[in-house]
Amino acid sequence: MRVCDLCGQALASEAAVRRAHLGRQPRCPLCGAAAFAAPGCDELRRHIEAAHPEPEPEPGPPGARRPPERAEGLPECPFCGEAAGRELEAHVRARHGLLLGAPGADTGNGEQLYECPMCSLTCTNIQILEEHVDLHLEEHSFSEGGNIRDLELAQWLQTEEDKRQRSEKEEREREEFKKLQRQYGLDNSGGYKQQFLKNMEREVDRGRMQPFEYHKRKADMMECLAFGIDDGKTKTSGVIEALCKYYQNENKDVRHVWLSTGVDHFHSSLGDRGWGCGYRNFQMLLSSLLQNSLYNDCLRDTTLIPSIPKIQSMIEDAWREGFDPHGASHFNNRLHGSKAWIGACEIYSLLTSLRIKCQIIDFHKPTGPMGTHPRLFDWILRYYSTDNEGGAKVACTSKPPIYLQHQGHSRTVVGIEERKNKTLCLLLFDPGCPSQEMQKLLKQNSDGTSLKLLRKFVGSLKEKQYQIVAVDGVLSLEEKAARCHDSQVLTSEKIP
């Protein structure tokens, strides 16, 4: 609210105060006369000057002021209501002189000018001035309302943009999650059996397989799955023995070589292509342990190489015993019937549940130039050379092979070379290498070129991180129970 300085009336705004006295018919504050032709203040001023001249001041002592007289019945100030009587004229001149001399001046032809209190525009008609002031007020109101509407619109647009960005982000996250599920076999698209049948059907459609062969292989696959054993069609045996003979007779660039005990190579098939490397490496490791009498008691219920679905069930059994509950929750405690990838933790849990002593070593960052891992090579050299430090060039050790894992793939370490230039070279079995290539290593007249399939020098292994699972003996029942308890939070030895 705004109180008018002229009349004391409480009005809504400053503009309303300005408009309150526009066009009001003035009355003489001394005699009450109101017969003036124009609704302005010029004639009122001339009337007061002519009819009510200021009296001459009475003589008195210097500095003395004449006491004001207040006459009963005389009108008060029409602008503020404060003074009456003879002193009213001086009050009006002193307090409201601007109103007496405004709002306009004579144009010279008798027309009076009125000035807009908001923009100083002058006009000769008071009604036009009022309409002009009304436009100012409407424009001000529209501007304020427009600003509010613009702000609301901007806030709404920003809110919609935020919603759109959140929706797009959530959609991208869902697609990435689905992509990861497909990549790691967790998309409920079926497991080994479903993929095997689907790929055989595709081979028939492309003319690469006859229908009778399809039905025969399907029957063989169903029988192997029913017994839980691998069909052996991707297996290559005798490679370690062939390597031992080759190193004894050939290869002058190698100073020493250490080989693991016998290992069968298994490669991926139509049923596990793209996701089965972890299972195939476990089959390789198990094939070596089955040839070692030290592990007979642990593996008395596993005399044949299990099929991939059987291995999935064996890992689930280990989880049910209490091994690695955190890892089990990652797979929702279910592997069978899926194409889920497995890694070092699942291999450790399975071996430990079978009372096979093993450990996980985590080479979690490079230890050499150009992102290499020389300490990984040093560790594997110590693993094979311990207790085999004789002067023989070829050492066929009793050590089982080593499970080697990195992001996206796993392989099996079956030996290590020490070259004459002191460099080291790992010998790896890769599940991605088909049996046709592996069988070239079995030829008696091999010139060593096939060894390129197995050899990996320090500069060849440049993944950010590597994990290995190394077997080292048998566990007692008490040790197995202790390791099961410790696996509630599964840890590894980190190097460095």
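Residues numbered from 1 in each chain as written. Predicted model: local features only at pLDDT ≥ 70, side-chain atom pairs only at ≥ 80, totals over all residues. Heavy atoms only, no water.

## Digging into a positive patch on the surface
(1) Moving on: Taken together, the side chains of Lys-252, Arg-255, Lys-420 and Lys-422 present a region of like positive charge at the surface.
(2) Moving on: Looking at the element boundaries, Lys-420 is found in the loop between strand 11 (409–419) and strand 12 (424–429). (Patch = residues over 30% accessible without salt bridge, like charges linked within 9 Å, V, L, I, M, F, W, Y side chains within 5 Å. Areas by Shrake-Rupley, 256 points an atom, 1.4 Å probe, with all protein chains shown as cover. Salt bridge = Lys/Arg side-chain N within 4 Å of Asp/Glu carboxyl O. Lys, Arg positive; Asp, Glu negative; His and termini not counted. Charge placed at Lys NZ, Arg CZ, Asp CG, Glu CD. Helix = DSSP H or I, 4+ residues; strand = E, 2+ residues; numbered from the N terminus.)

## Considering the pairing of strand 8 (residues 356–363)
Within a regular beta strand, the side chains point alternately toward one face of the sheet and then the other, so they alternate between its two faces.
(1) Moving on: Counting buried residues in strand 8 gives six out of eight residues, a clear majority hidden from the surface.
(2) Moving on: In the sheet, strand 8 pairs with strand 14 (residues 466–474) via seven bridges, with the strands oriented antiparallel. By the bridge assignment for strand 14, Gln-359 is matched with Ala-470.
(3) Moving on: Alignment of strand 8 against strand 15 (residues 493–494), held across two bridges, turns out to be parallel. In the strand pairing of strand 15, Asp-362 is matched with Lys-494. (Buried < 20%, exposed > 50% of the residue type's maximum accessible area, 1.4 Å probe, protein only. Pairing = 2+ DSSP bridges.)

## What about the packing of aromatic side chains?
(1) Moving on: Applying the stated rule across the entire model yields six aromatic pairs.
(2) Moving on: Ring geometry for Trp-275 versus Tyr-279: centroids 5.8 Å apart, planes at 80 degrees, classification edge-to-face.
(3) Moving on: Accessibility expressed as a relative area gives 5% for Trp-275, which makes it buried.
(4) Moving on: Every member of this aromatic cluster is reached through a ring pair, and the members are Trp-379, Tyr-383 and Tyr-384.
(5) Moving on: Above the plane of the ring of Tyr-383 lies Lys-399, whose end atom (NZ or CZ) is 5.0 Å from the centre. (Phe/Tyr/Trp six-rings, centres within 6.5 Å; stacked < 30°, edge-to-face > 60°. Lys NZ or Arg CZ within 6 Å of the ring centre and 35° of its normal.)

## Section: the environment of Val-204
(1) Moving on: Looking at the secondary structure, you find Val-204 in helix 5 (residues 192–205).
(2) Moving on: In this structure the C-alpha to C-alpha distance between Val-204 and Tyr-214, which are 10 residues apart in sequence, comes to 7.4 Å.
(3) Moving on: Once residues lying within four places of it in the same chain are set aside, the contact partners of Val-204 are Met-209, Gln-210 and Tyr-214. (Contact = heavy atoms within 4.5 Å.)

## Examining the pattern of salt bridges
(1) Moving on: On inspection of all chains with the given rule, the structure shows 17 salt bridges.
(2) Moving on: Put simply, Glu-417 and Arg-455 hold a salt bridge, and the shortest N to O gap is 3.0 Å. Here Arg-455 lies in strand 13 (residues 455–457) and Glu-417 lies in strand 11, a separation of 38 residues in the sequence. Comparing Glu-417 with Arg-455, the two get one shared label, buried.
(3) Moving on: Close ionic contact of Glu-437 with Lys-440 constitutes a salt bridge, the shortest N to O distance being 3.2 Å.

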